[in-house]
Amino acid sequence: MAFLGRTFRWVLSAVRSPVAPLCRTTARSYSSEPTKEKSVPYEKTLQQEDGASSGPTKPLPRSADVVVIGGGSLGCQTIYHLAKMGVTNIVLLERDRLTSGTTWHTAGLLWQLRPSDIEVELLAHTRNIISKDLEEETGLHTGWIQNGGLFIASNKQRLDEYKRLMSLGKVYGIESHVLSPAETKDLYPLMNVDDLYGTLYVPKDGTMDPAGTCTTLTRAASARGATVIENCPVTGIQVRTDDFGIKRVKAVETLHGTINTSCVVNCAGVWADKLGKMAGVKVPLIAMHHAYVVTERIEGIQNMPNVRDHDASVYLRLQGDALSVGGYEHNPIFWDEVSDKFAFSLFDLDWDIFMQHIEGAVNRVPVLEQTGIKSTVCGPESFTADHKPLMGEAPEVRGFFLGCGFNSAGMMLGGGCGRELAHWIIHGRPERDMYGYDIRRFHNSLTDNQRWIRERSHESYAKNYSVVFPFDEPLASRNMRKDPFHQVLTEQGCVFQERHGWERPGWFNKEGPAPVKDYDYYGAYDHRKNENYKYNKLLGKEYTFDFPPHHDVIKSECLSCRHGVAVFDMSYFGKFYLTGPDAKKAADWLFTADVNKKPGSTVYTCMLNKRGGVEADLTVSRLEPGAANLPLAPHSDGDVYYLAIGGGVAEHNWNHIKTVFQDQGFRCQLADHSEDMGMISIQGPKSRDVLQEILDTDLSNEAFPFSSHKVVNAAGHQVRAMRLSFVGELGWELHIPKDSCLPVYHAVMAAGAKHGIINSGYRAIDSLSIEKGYRHWHADLRPDDTPLEAGLAFTCKLKSSIGFQGRDRLEKQKEEGLKRRIVCFTVDDKVPMFGLEAIFRNGVPVGHLRRSEYGFYINKTIGYGYVRNPDGGVVSPDFIKSGDFTLERMGVTYKAKVHLKSPFDPENKRVKGVYA
């Protein structure tokens, strides 16, 4: 076969035939219609060879506690885990046969190491279920093959990424080895290692069989009382509106009857969007063609590990005495018209698209050049905007859960996600921090925006095998939400980050504007690639695990704040008003701190789930009741609270609060004014001098103390000023009506000019806040962390008699002692750390860093992580103080100093305006 000037002799055949050369001179046609032939490489599938039956395989029950829709990996794992947790009145409905949608043709690879501690845990559970638990439970073999995994590095950055994974794996007891090219050749003799920098070998990775796994899962679930019904398409979801106006699942309709239920789980894969529409639920995923080919027999390939050559964007899966070859291309085919009749079906493979994987595969295993092709497999898969699944209860309808959008990783993540989804359904929240998969991670304005879904899903697909760098940003679907300062900050060199659809300042480039352009699909689909794209070039300079080239720029922003004054645009924050007859009751129950202080007070607090885990941290300001002065104050005859919440998690917070209202029956209103106000934070020792010139109020400590707020005039415009800090300095936030934002900003900058005021971004905030010991939610503070573990006991009103959600769990934990606690580490060596570095106490792994930044004021790398006792005992302050701690970064160990208090201003003098 001719390809890029080289001749690759592959046989393109769907049947087993002798190897023969074939030179392709014309493009092979592609059809969106399914092919009829069975081309997958498995010994068996669950397709009925004699034709599907005309009706359901079992009678439909009248009612069920839970109805799972979709008999693929996630549906089978979910019903299995629900049954295992004691829910027996459950039904799985599959429109055709189990696995018939996308699961039946999946490659079934399982890699244990990922750049996420949560994903490592999810994968570990899947592996345990498939390799051990199911076989012990049922006596059936799932088809698990432990042949190991090999990650290929062709450059230093890639090998650095693998070394990060190796260090994290030590925390979880996952065996892995960094191999030299020569050692790699010894392990895999057929591999070309001439262009290798090194490899990462994980001996206990392996391969799963879709049919064997799903059959065993459903048999185990059925043995516990679950009902699995095939050949039963769902035609509708009935939704009722209760007395409080809340939409709830009522029933599932099929061609063969209706099942009354209050809980539906959407595990319908590429069909999940259609199922969501039946209930009025938005499911932001898109279907694409995803392909691999299976070779003829290769002598000497037996027992070789599976291979991922990320830089070539190709994987090689061991298939007995052959290989499956696939990958992720920059120009995948979208399946825009998803067919309801598509079952055990495949598309014709488009060789013009797939050939980009062949070159990489032949380079890595040269014997493939003389090997024929036994079959081609091109099927549909569902993909999402960030290449993460969609899980959790839908915001639109209570009782409608999502378990879809798995981006070709449904088999690999299925066990862990099935368990978490089952826990979610039964207890209202998962056990682990699943925010990265929670549908509520996306703002509601984006989840039905087709441009955003398509562009982001494409970019995530095309970059799936890219190195995961700590400061990367998407290029797709940018500028979706812009605050009033956007243009003026762009002109001043702002390099923006994207969060929740918002453009927020990252850092300020001293070489002029670097605007974000419209997405070019990386030149695919005849799009003209963006030329002279300064923003993209600046991102590219950050593609390193060393300090970035603009390290000194961020240092300057940080130290200007520490020594002088800086202004931060924080307009993307969520801004909610809580009012209503039960507002005080709701505030008492929702917030860990006592927020019912006198009007004019502002309190930092947490919100917890029922297990005591932190669902959010935020500030709550109590307002005076009175007439509306929107957007600065709503109308209220009673208690009224203003909630300021990190913008990247505003949707999550909104839904958490609304869910508590519904579950507790609180008569409250929650109003979102996030788009109606901007917000700038002026911080530093000189902030009072700057603001006193433009605010018409006394800013002294006595007149305007820390944690208080007032509506004041700023350069002739009404704003709400709050004396708060997220960087550990004297400072104020100004919450400004949208139309007043620019005049107030210009007045601040004019007044600050003689004090050397500068713009600063969130990269500086990240450094300044970790230096002060302030938490970042979803980093060193998550739903699986309690305030006691996180060092936030001061936010909890445990000395009062006021009840709040999760209080009982905190009291029990306080009585029993902490089994883990957050600890601050500093390293004298000038090395960057980013989180996931392993923590060792006396040479034994006891945790990993959740978050790490460089602290420019103390001139050290700072990291925060949760330390556990390897014996399972209490982690006391003495346990921490008596240990000898080291941190492992990319396989290299560094001596660390441990701190139980922030190493910067531990007495909190600076936020109170006390400077030496």
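1. Some thoughts on the packing of aromatic side chains
Okay, so step 1: In this structure the tally under the stated criterion is 34 aromatic pairs.
Okay, so step 2: Relative to F347, the ring of F342 lies with its centre 5.0 Å away and its plane at 40 degrees, an arrangement referred to as tilted. Both residues of the pair, F342 and F347, count as buried.
Okay, so step 3: Put simply, the rings of F334, Y519, Y521, Y522 and Y525 pair up and form one aromatic cluster.
Okay, so step 4: Looking at R95, its charged tip hangs above the ring of W271, at a distance of 4.2 Å from the centre.
Okay, so step 5: Stacked on the ring of Y857, the Lys or Arg R910 has its end atom at 5.3 Å from the ring centre.

2. Details of the sheet that holds strand β33 (residues 731-737)
Okay, so step 1: Overall, mixed pairing links the 6 strands, which are arranged β31-β32-β33-β30-β24-β34 in an open sheet. Whereas interior strands pair on both sides, the edge strands pair on one side only; in this sheet they are β31 (709-714) and β34 (758-760). With direction set aside, neighbouring strand axes in the sheet form an average angle of 30 degrees.
Okay, so step 2: Of the pairings in the sheet, the one linking strand β30 (residues 677-683) to β33 comprises 7 bridges and is antiparallel in character. Residue I682 lies in a different strand from β33, and its bridge partner there is W732.

3. What to know about helix α16 (residues 741-752)
Okay, so step 1: Taking 1.5 Å per residue as the helical rise, α16 with its 12 residues ought to reach 16 Å, and the 16 Å between its terminal C-alpha atoms agrees with that figure.
Okay, so step 2: Within α16, burial applies to C741, V744, Y745, A747, V748, M749, A751 and G752.

4. Some remarks on the pairing of strand β23 (residues 502-508)
Okay, so step 1: The element β23 is largely enclosed, with a buried count of 7 among its 7 residues.
Okay, so step 2: Bridge count between strand β22 (residues 494-499) and β23: 6 bridges; the pairing is antiparallel. Considered in β23, the bridge of C494 is made with F508.
Okay, so step 3: Connecting β22 to the next strand, β23, in antiparallel fashion are 2 residues, including H500 with a positive phi near 65 degrees.

5. Some remarks on the sheet that holds strand β41 (residues 897-899)
Okay, so step 1: Judged by pairing direction, the sheet is antiparallel, and its 7 strands sit side by side in the order β40-β39-β36-β37-β38-β35-β41 without closing on themselves. Edge positions in the sheet fall to β40 (892-895) and β41, since each has one partner strand and no second. Adjacent strand axes in the sheet meet at a mean angle of 35 degrees, parallel and antiparallel pairs treated alike.
Okay, so step 2: Where strand β36 (residues 838-841) lies against strand β39 (residues 885-889), 4 bridges are found, and the strand directions are antiparallel. Its bridge partner being in β39, R841 is matched across the sheet by F885.

6. Notes on unusual backbone geometry
Okay, so step 1: Between L630 and the following residue, P631, the backbone shows a cis peptide bond with an omega angle of 5 degrees.
Okay, so step 2: Mapped onto the secondary structure, P631 falls in the loop between β27 (614-623) and β28 (640-645).
Okay, so step 3: Unusually for a residue other than glycine, N479 sits at a positive phi of about 60 degrees.
Okay, so step 4: If you trace the backbone, N479 turns up in the loop between α9 (450-462) and α10 (486-491).

7. With respect to the confidence of the model for the protein chain
Okay, so step 1: In the predicted model, the protein chain carries a mean pLDDT of 94, and the fraction of residues at 70 or more is 94%.
Okay, so step 2: Here residues 1-38 is a poorly scored stretch, pLDDT under 50, and it has 91 contacts once near neighbours within four places are set aside; other chains count.

8. A word on the environment of A633
Okay, so step 1: Position of A633 relative to the elements: it lies in the loop between β27 and β28.
Okay, so step 2: Taking the relative accessible area as the measure of exposure, A633 reaches 14% and is therefore buried.
Okay, so step 3: When the C-alpha atoms of A633 and K156 are compared, they prove to be 55 Å apart, with 477 residues separating the residues in sequence.
Okay, so step 4: In contact with A633, other than residues within four places in its own chain, are Y577, L623, A628 and R720.

9. Remarks on the side chain of R456
Okay, so step 1: The topology assignment puts R456 in helix α9.
Okay, so step 2: Here R456 falls in the buried class, since its relative accessible area comes to 7%.
Okay, so step 3: Leaving out residues up to four positions away in the same chain, R456 has contacts with T384, A385, P474, A476, S477, R478 and E498.

10. Remarks on the packing of helix α1 (residues 73-84) against helix α8 (residues 410-427)
What describes two packed helices is the angle between their axes and the distance between those same axes.
Okay, so step 1: Contact geometry of α1 with α8 gives a least axis separation of 8 Å together with a crossing angle of 45 degrees. As far as their axial angle goes, α8 and α1 are oblique. Viewed along their axes, α1 and α8 form a crossing whose handedness is right-handed. Seen from α1, the contacting residues are S73, L74, Q77, T78, H81 and L82; seen from α8, they are G410, M411, G414, G415, C417, G418, R419, L421, A422, I425 and I426.
Okay, so step 2: When the residues that make up the contact of α1 with α8 are grouped by side-chain class, the tally is 8 nonpolar, 8 polar and 1 charged.

The rules we used
Residues numbered from 1 in each chain as written. Predicted model: local features only at pLDDT ≥ 70, side-chain atom pairs only at ≥ 80, totals over all residues. Heavy atoms only, no water. Phe/Tyr/Trp six-rings, centres within 6.5 Å; stacked < 30°, edge-to-face > 60°. Buried < 20%, exposed > 50% of the residue type's maximum accessible area, 1.4 Å probe, protein only. Lys NZ or Arg CZ within 6 Å of the ring centre and 35° of its normal. Pairing = 2+ DSSP bridges. Helix = DSSP H or I, 4+ residues; strand = E, 2+ residues; numbered from the N terminus. Axes fitted to C-alpha atoms, helices over the stretch in contact; angles between N-to-C directions. Expected span 1.5 Å × (residues − 1). pLDDT = per-residue confidence, 0-100. Contact = heavy atoms within 4.5 Å. Parallel < 35°, antiparallel > 145°, perpendicular 65-115°, else oblique. Left-handed = near helix turned anticlockwise from the far one by under 90°. Nonpolar A, V, L, I, M, F, W, Y, C, P; charged D, E, K, R; others polar.

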